[in-house]
Amino acid sequence: MVDSLKHNVLFVFTSNLIPSILTYGFWLIASNLTDSSMIGTIGSISSLAMILVAISSLDIPTGVKRFLGKTFSDGKDTEFGNFSYSSIVFILISSIVLLTITLNPWIGILDII
């Protein structure tokens, strides 16, 4: 039991450590290849992506799957449509925001708006 626990703890630790080291290496290389404004833009985009990941990892997909299955099996078409519609709207809005922020340095979308 203790060996299994040690193995799992070590696995979780390395699964968090390796991406951190790779991210540090990426930023080290990127800072030498680009200027500070691009680093700031990339940092902002990655921070927004982390916020969206944190929001989406609040077990919302699990709950939505449960409620979608229940409403579909109970024949509640309006609730099923509401869940589906709200999911699609959230995905579209977050995609548009991310695309706007991502493409802004090259196209200048925020300058037009």
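Analysis parameters
Residues numbered from 1 in each chain as written. Predicted model: local features only at pLDDT ≥ 70, side-chain atom pairs only at ≥ 80, totals over all residues. Heavy atoms only, no water. Helix = DSSP H or I, 4+ residues; strand = E, 2+ residues; numbered from the N terminus. Buried < 20%, exposed > 50% of the residue type's maximum accessible area, 1.4 Å probe, protein only. Contact = heavy atoms within 4.5 Å. Patch = residues over 30% accessible without salt bridge, like charges linked within 9 Å, V, L, I, M, F, W, Y side chains within 5 Å. Areas by Shrake-Rupley, 256 points an atom, 1.4 Å probe, with all protein chains shown as cover. Salt bridge = Lys/Arg side-chain N within 4 Å of Asp/Glu carboxyl O. Phe/Tyr/Trp six-rings, centres within 6.5 Å; stacked < 30°, edge-to-face > 60°. Expected span 1.5 Å × (residues − 1). Bend = angle between axes of the 7 residues up to and from the residue. pLDDT = per-residue confidence, 0-100.

Asks: Explanation requested: the overall build of the chain in the structure shown.
Replies: What the chain contains, in helices and strands, is 5 helices and 0 strands. N-terminal to C-terminal, the α/β element order of the chain is α-α-α-α-α. For the chain, with 113 residues in total, the buried portion stands at 5%. Sequence separation of at least 24 residues holds for 33% of the intrachain contacts in the chain that already meet a minimum separation of 6.

Asks: I'm lost on a nonpolar patch on the surface in this one. Help?
Replies: A cluster of nonpolar residues, Leu10, Phe13, Leu17 and Ile21, forms a patch on the protein surface that exposes about 400 Å² of accessible area. Relative to the assigned elements, leucine 17 resides in helix H1 (residues 2-33).

Asks: Would you explain the packing of aromatic side chains in this entry?
Replies: To describe a pair of aromatic rings, you give the distance between the ring centres and the angle between the ring planes. This model, assessed by the stated rule, comprises 1 aromatic pair. On the basis of an interplanar angle of 65° and a centroid distance of 5.2 Å, the ring pair of phenylalanine 26 and tryptophan 27 is categorised as edge-to-face. Take phenylalanine 26: its relative accessible area is 45%, and that puts it in the partly exposed class. Looking at tryptophan 27, the relative accessible area reads 26%, which means it is partly exposed.

Asks: What am I meant to see in helix H4 (residues 77-107) here?
Replies: Think of an α-helix as turning once every 3.6 residues; residues three or four places apart then point the same way. Given a rise of 1.5 Å per residue, 31 residues ought to cover 45 Å, and the 42 Å separating the end C-alpha atoms of H4 matches this to within 8%. Of all the bends in H4, the largest measures some 30° and sits at isoleucine 101, one to four residues before the proline proline 105. Taken from the residues just after H4, glycine 108 is the one with a positive phi, measuring 75°.

Asks: Just checking my understanding: could you explain the environment of isoleucine 45 for this structure?
Replies: Along the chain, isoleucine 45 turns up in helix H2 (residues 36-56). For isoleucine 45 and threonine 102, which are 57 residues apart along the polypeptide, the C-alpha to C-alpha distance reads 6.9 Å. Residues contacting isoleucine 45, with those up to four places away along its chain left out, are Ile101 and Thr102.

Asks: Honestly, the environment of isoleucine 42 in this entry has me stumped. Any pointers?
Replies: With respect to the secondary-structure elements, isoleucine 42 resides in helix H2. Take isoleucine 42: its relative accessible area is 27%, and that puts it in the partly exposed class. Distance in space between the C-alpha atoms of isoleucine 42 and tryptophan 27 is 9.8 Å, their sequence separation being 15 residues.

Asks: So what exactly am I meant to see when it comes to the confidence of the model for the chain here?
Replies: For any part of a model where pLDDT is low, the fine detail of the predicted coordinates should not be relied upon. In the predicted model, the chain carries a mean pLDDT of 77, and 86% of its residues have values of at least 70. Within the chain, helix H5 (residues 109-112) has the poorest average pLDDT of any element, 64, and H1 the best, 81.

Asks: Just checking my understanding: could you explain the side chain of threonine 71 for this structure?
Replies: Relative to the helices and strands, threonine 71 resides in helix H3 (residues 60-74). Looking at threonine 71, the relative accessible area reads 5%, which means it is buried. In this view, threonine 71 contacts Lys76, Glu79, Phe80 and Phe83; residues no more than four positions away in its chain are not counted.

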